[in-house]
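Read off the chains here:
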Amino acid sequence: FCAEPNSIFHWRWFKKWRYGEYCLRFETSGAREPLLRPAMVGAYVQYHRVIYGHSRQKRAVRKAIESTIAAVNRNTCGDPRGPWINSVASFITRNASELLLDLIVSFKRRAYLLDREWRLVVRPDSALCSSAPNVADANFDAMVKRGTRRYIELSLPVQLTPFSPITRPPVPFSAVFQRPFRKGAGDLRRINRTLDDNGESNIRVTPAKWLGLLPLECAR
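Residues numbered from 1 in each chain as written. Predicted model: local features only at pLDDT ≥ 70, side-chain atom pairs only at ≥ 80, totals over all residues. Heavy atoms only, no water.

A. Fine view of the overall build of the protein. Counting its secondary structure elements, the protein contains 6 helices and 11 strands. Out of the 220 residues belonging to the protein, those deemed buried represent 32%. Sequence-distant contacts, at least 24 apart, represent 74% of the contacts inside the protein between residues at least 6 apart. Of the roughly 14,900 Å² that the protein leaves accessible, carbon and sulfur atoms contribute 58%. (Helix = DSSP H or I, 4+ residues; strand = E, 2+ residues; numbered from the N terminus. Buried < 20%, exposed > 50% of the residue type's maximum accessible area, 1.4 Å probe, protein only. Contact = heavy atoms within 4.5 Å. Areas by Shrake-Rupley, 256 points an atom, 1.4 Å probe, with all protein chains shown as cover.)

In structure tokens, the structure reads:
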């Protein structure tokens, strides 16, 4: 997910199309849950801003560790050699590790800073005070598709209530852009037909100009 509207990296690579001729506009807000989710339950899914360059990455890790230590100091008391210390330490380690993983998967070289990207992070979702975090790991491992590449298959949640078309849109994006624009393309007709079938006839594939029109946009 790239906030830079004219990113050569996403639209072309040494005069060859690298990611295809289409891009979608998503509202990537960390304040709400993404619409794209794994088919199985038990996964944490959220947008995270990409952190560019070693200096920013080091500051982010340092802040995460310092915040974890401060939270432990504020919310624990008693004898550190008590009978529950192993379970407490395991709980803290697990949650601190998940926080650090969310940071690390969002690291990228400073050379791509202008793209202002977001990442969609998907990882095991272990509830606070979970007595069986290994079960969460095993359930998540079952979601991973294995082949030439390992990946998590994402889809839209099933609409279960009569009001869901109002509260949650049937497609997770708000616009489709094509570059170069080919008006008679068969795949373009299929995309428009799919949008019609999902009640989004207001969304149409439009040309993405190199300047002026925003092919990808992230919500602030």
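B. Structural view of the nonpolar core. Phe 173, Val 176 and Leu 195 are the most contacted members of the largest nonpolar core, which has 14 residues in total. Of all the secondary structure elements, the ones that give two or more residues to this core are strand E3 (43-49), strand E6 (118-124) and helix H6 (186-197). In this structure, Val 176 is in contact with Tyr 22, Cys 23, Leu 24, Leu 195, Ile 203, Arg 204, Val 205 and Thr 206, ignoring residues within four places of it in sequence. (Core = buried A, V, L, I, M, F, W, Y, C linked by side-chain atoms within 4.5 Å.)

C. How the structure looks around the pattern of salt bridges. Scanning the model with the defined rule gives 7 salt bridges in all. Two residues, Arg 94 and Asp 137, come together in a salt bridge whose shortest N-O distance is 2.8 Å. Of this pair, Arg 94 sits in helix H3 (residues 85-104) while Asp 137 sits in helix H4 (residues 133-143); the two residues are 43 residues apart in sequence, bridging distant segments of the chain. Under the relative-accessibility criterion, Asp 137 is labelled partly exposed at 29%. Note that Lys 108 and Glu 117 form a salt bridge whose closest N and O atoms lie 2.9 Å from each other. Side by side, Lys 108 and Glu 117 carry an identical accessibility label, which is buried. Within this structure, Arg 94, Glu 98, Asp 102, Arg 123 and Asp 137 form a network of salt bridges that share partners. (Salt bridge = Lys/Arg side-chain N within 4 Å of Asp/Glu carboxyl O.)

D. View of the packing of aromatic side chains. Taken as a whole and assessed by the stated rule, the structure comprises 1 aromatic pair. Both rings, one in Tyr 47 and one in Trp 118, keep their centres 6.5 Å apart while their planes meet at 90 degrees; by these two values the pair is edge-to-face. Of this pair, Tyr 47 sits in strand E3 while Trp 118 sits in strand E6, and the two are 71 residues apart along the sequence. Each of the two residues, Tyr 47 as well as Trp 118, counts as buried. Positioned over the ring face of Tyr 44 is Arg 123, at 4.0 Å from the centre of the ring. (Phe/Tyr/Trp six-rings, centres within 6.5 Å; stacked < 30°, edge-to-face > 60°. Lys NZ or Arg CZ within 6 Å of the ring centre and 35° of its normal.)

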